[in-house]
Amino acid sequence: MKKFLRKIAWRILGREHYNFLKYQNKTYLHQAKNVTIGYKTYHNGAFVWQWHNNSELEIGKYCSIANDVNFILDSGHHLLSEITTFPHFNHLQNKNLPIGKKSQEDFKKEIKTEVSKTIIANDVWIGMNAVILPNVKIGNGATILAGTVVTKDVPDYAIVGGIPGEIIKMKYDLETISKMKKIEWWNWNPQKVEENAGDFYIPIQDFIVKWF
């Protein structure tokens, strides 16, 4: 029955739509492989793009991730050659033509890629349409503004925006940031967080006085 319905769908949508979907290497964040998501972290329709099994994404606790955020975990096959970024081996018309001394099939099997790990710490807010590139680390309490392209590491409690992303400002002074990092409220047990939920809506210095 499923096959029958698929055939009808492809006839309606057309072969080009099938080919488009076939080469889409994106997956919803919560369904992607090699992804760990911390306690209470949620997303409203974020995507993970990955082409290799050795690319990873680690997201901490209490993160808020908006719709259409894209985590790009690796460069696909575009950096295999020193000469070109075009993946010739994927587009050869003659499937019997060797690549060097290897068959095309063997060449693809033996492709080695860099280990990639992208880390999003705790209490991070990522705005809609932001793009997170491979191997970056976003620190605790950071805010990534909508539409930002993050190309490098983001320190704790920084607000980052733009293309490429740059620090617009730090949320607090260094002393306040240092104390918040020591409090590490995201590592409290869930019951403690819930019982003291009201404390997260008082002035930050009052919060520090109570919990530092």
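For the structure itself, look to the data block above.
Residues numbered from 1 in each chain as written. Predicted model: local features only at pLDDT ≥ 70, side-chain atom pairs only at ≥ 80, totals over all residues. Heavy atoms only, no water.

Within this model, the largest pocket holds a volume of roughly 530 Å³. Forming the boundary of the largest pocket are 20 residues, of which Asp 123, Trp 185, Ala 197, Phe 200 and Tyr 201 lie nearest the centre. Those elements giving two or more residues to the lining of the largest pocket turn out to be helix H5 (190-195) and helix H6 (204-211). A per-element tally of the lining of the largest pocket places H5 first, with three residues. Class assignment for the residues of the lining of the largest pocket results in 14 nonpolar, one polar and five charged. (1 Å grid on protein atoms, 1.4 Å probe; cavity = no way out; pocket = protein on both sides within 12 Å on 5 of 7 lines; lining within 4 Å. Points joined across faces, edges and corners; volume = space filled by probe spheres on them. Helix = DSSP H or I, 4+ residues; strand = E, 2+ residues; numbered from the N terminus. Nonpolar A, V, L, I, M, F, W, Y, C, P; charged D, E, K, R; others polar.)

As a further point, take the nonpolar core. Within the largest apolar cluster, 26 residues are counted, with the highest numbers of intra-cluster contacts made by Leu 29, Leu 57, Phe 71, Ile 120, Ile 126 and Ile 138. Among residues more than four places away in sequence, those in contact with Leu 29 are Val 35, Ile 37, His 43, Ala 46, Phe 47, Val 48, Leu 57, Ile 59, Ile 65 and Phe 71. Among the nonpolar cores identified, the runner-up in size contains 11 residues, and Trp 185, Trp 186, Val 193 and Ile 208 belong to it. (Core = buried A, V, L, I, M, F, W, Y, C linked by side-chain atoms within 4.5 Å. Buried < 20%, exposed > 50% of the residue type's maximum accessible area, 1.4 Å probe, protein only. Contact = heavy atoms within 4.5 Å.)

In this section: the sheet that holds strand E7 (residues 70-72). With mixed pairing, the five strands of this open sheet are ordered in space as E1-E4-E7-E10-E13. Of all the strands in the sheet, just strand E1 (26-28) and strand E13 (149-150) have a single pairing partner and so form its edges. Of the strand pairs in this sheet, strand E10 (residues 131-132) and E13 are connected by two bridges, and their pairing is parallel. In the sheet register, Ile 132 faces E13, and the bridge partner there is Val 150. (Pairing = 2+ DSSP bridges.)

The next subject is the pattern of salt bridges. The final tally for this structure, using the stated rule, is five salt bridges. Lys 152 is the salt-bridge partner of Glu 166, the closest N and O atoms lying 3.2 Å from each other. Taken as a pair, Glu 166 in strand E15 (residues 166-170) and Lys 152 in the loop between E13 and strand E14 (158-161) lie far apart in primary sequence, 14 residues in all. The class for Glu 166 is partly exposed, based on a relative accessible area of 39%. One salt bridge connects Lys 181 with Asp 156, and the closest N-O pair in it is separated by 3.2 Å. Taken together, the residues span a long stretch of sequence, with Lys 181 in helix H4 (residues 174-183) and Asp 156 in the loop between E13 and E14 at a distance of 25 residues. Here Lys 181 falls in the partly exposed class, since its relative accessible area comes to 38%. Its relative accessible area of 19% is what places Asp 156 among the buried residues. (Salt bridge = Lys/Arg side-chain N within 4 Å of Asp/Glu carboxyl O.)

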